[in-house]
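# Remarks on the overall topology
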Amino acid sequence: MDLASILEQGLAPLSGRPDSARWKEIEAWRPGFYRQIYQDFAAPVLHVPYTNSGVFLTPIDFRSMSRAKLRETPRFAIPLDAVDPATSALTYYLTGRRVVRPLTPDALAETAAIWSDDLVWAWFGKDPSMMFFYVPQVTAYQEGGIRVRPEWLES
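Report follows, based on the coordinates. In this text the structure is predicted, and so the values were computed from the model without any measurement. (Residues numbered from 1 in each chain as written. Predicted model: local features only at pLDDT ≥ 70, side-chain atom pairs only at ≥ 80, totals over all residues. Heavy atoms only, no water.)

## Regarding the overall build of the protein chain
Applicable threshold: Only runs of H or I of at least four residues qualify as helices and only runs of E of at least two qualify as strands under DSSP, and these elements are numbered from the N terminus. Radius of gyration here uses only the C-alpha atoms, and the compact-globule reference equals 2.2 Å multiplied by the residue count raised to the power 0.38. Relative accessibility thresholds used throughout: buried, under 20% of the residue-type maximum; exposed, over 50%; partly exposed, between the two (1.4 Å probe, protein chains only). We call two residues contacting when some pair of their heavy atoms lies within 4.5 Å. To be clear on the numbers: accessible area is Shrake-Rupley with a 1.4 Å probe, and residue cover counts the displayed protein chains and nothing else. Note that His is not counted, nor are the chain ends; the positive residues are Lys and Arg, and the negative ones are Asp and Glu. For this purpose, a charge sits on NZ of Lys, CZ of Arg, CG of Asp or CD of Glu.
Scanning the protein chain from terminus to terminus reveals 6 helices and 6 strands. At 15 Å, the protein chain has a C-alpha radius of gyration in line with the 15 Å of a compact globule built from 155 residues. For the protein chain, the spread of C-alpha atoms along the principal axes amounts to about 40 × 35 × 30 Å. Counting across all 155 residues of the protein chain, residues that qualify as buried make up 39%. Here the contacts in the protein chain between residues at least 6 apart in sequence split such that 67% fall between residues at least 24 apart. With an accessible surface of roughly 8900 Å², the protein chain has 55% of that area assigned to carbon and sulfur atoms. Averaged over its 16 positive side-chain charges, the protein chain has a centre that lies 5 Å from the centre of its 18 negative ones.

And the structure:
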């Protein structure tokens, strides 16, 4: 998806575009993959049935990390109030277990205190097929995805 369509349509779950090549590729590779991700990454705090593949965001500020290849990549700095906390969770994998927390300012602050730059680099991309699997991410399952505003774009 290109920048113009993100600005027009927002950040939508892949399952919202079932005809997309990427959705078909993932479903062929691992059928039910996103349903399982939901069960592991969000269901423990949301307690509602799976509805879509979700939108995945990182709270990691790669721009502040000198070693980050993502440092120069355009990004949307999405304010927390644009993400519905009732349909979102904060998750990461640490000390041998998946941590799933409600998406709150306190949970984000506590997670940031745990995840130093060195810890991020130790775990980011450890599984190349799922770059963000271990490090903190927000999984947002709000209906219709996340609308974005042009002023949130940082390039």
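## With respect to the packing of aromatic side chains
Our working definition: Geometry of aromatic contacts follows a simple scheme: Phe, Tyr and Trp rings, the Trp one being its six-membered ring, pair when their centres are within 6.5 Å, and the pair is stacked under 30 degrees between planes, edge-to-face over 60, tilted otherwise.
Considering all chains together, one arrives at 18 aromatic pairs under this definition. Between the aromatic rings of tyrosine 34 and phenylalanine 56, the centroid separation amounts to 6.0 Å while the plane-to-plane angle is 40 degrees, which identifies the pairing as tilted. With tyrosine 34 in helix H3 (residues 33-41) and phenylalanine 56 in strand E1 (residues 55-57), this residue pair connects regions lying 22 residues apart in the sequence. Taking the relative accessible area as the measure of exposure, tyrosine 34 reaches 12% and is therefore buried. Geometrically, the ring pair formed by tyrosine 38 and tyrosine 141 is edge-to-face, given 4.8 Å between the ring centres and 85 degrees between the ring planes. Of this pair, tyrosine 38 sits in helix H3 while tyrosine 141 sits in the loop between strand E5 (137-140) and strand E6 (153-154), placing them 103 residues apart in sequence. Residue tyrosine 141 is classed as buried on the basis of its relative accessible area of 5%.

## Structural notes on the pairing of strand E4 (residues 97-102)
Cut-off, in case you're wondering: Pairing between strands requires that DSSP locate at least two bridges from one strand to the other.
Pairing of strand E3 (residues 88-94) with E4 involves 6 bridges; the strand directions are antiparallel. In the strand pairing of E4, leucine 94 is matched with arginine 97. Hairpin remark: E3 followed by E4, antiparallel, with 2 residues in the connecting loop; positive phi at threonine 95, about 50 degrees.

## Looking at the environment of arginine 35
Relative to the helices and strands, arginine 35 resides in helix H3. For the pair arginine 35 and serine 53, spaced 18 residues apart in sequence, the C-alpha separation works out to 6.9 Å.

## Some details on the sheet that holds E5
So the rule is basically this: Structural elements are reduced to axes, namely lines fitted to C-alpha atoms, with helices fitted over the stretch in contact, and the angle between N-to-C directions of any two is expressed from 0 to 180 degrees.
Reading across from one edge, E1-E5-E3-E4 is the order of the 4 strands in this open sheet, with antiparallel pairing throughout. Unpaired on one side and paired on the other, E1 and E4 mark the two borders of the sheet. In this sheet, adjacent strand axes meet at a mean angle of 25 degrees when their direction is disregarded. Here 4 bridges tie E3 to E5, and the two strands are oriented antiparallel to one another. Note that in E5 the partner of threonine 91 across the bridge is glutamine 137. Against the sheet, H3 makes contact with E1, E3, E4 and E5, and its axis sits at roughly 75 degrees relative to E4, the strand it touches most.

## Points about H3
An α-helix turns once per 3.6 residues; consequently, residues spaced three or four apart project the same way. Let me state the cut-off plainly: This arc is taken over the directions from the axis of the helix to the C-beta atoms.
Every buried residue of H3 is accounted for by Phe33, Tyr34, Ile37, Tyr38 and Phe41. Angularly, the buried residues of H3 cover 140 degrees about the axis, an arc narrow enough to put them on a single face. Residues of H3 that are buried in the fold lie against helix H2 (21-29), helix H4 (43-46), E1, E3, E4 and E5.

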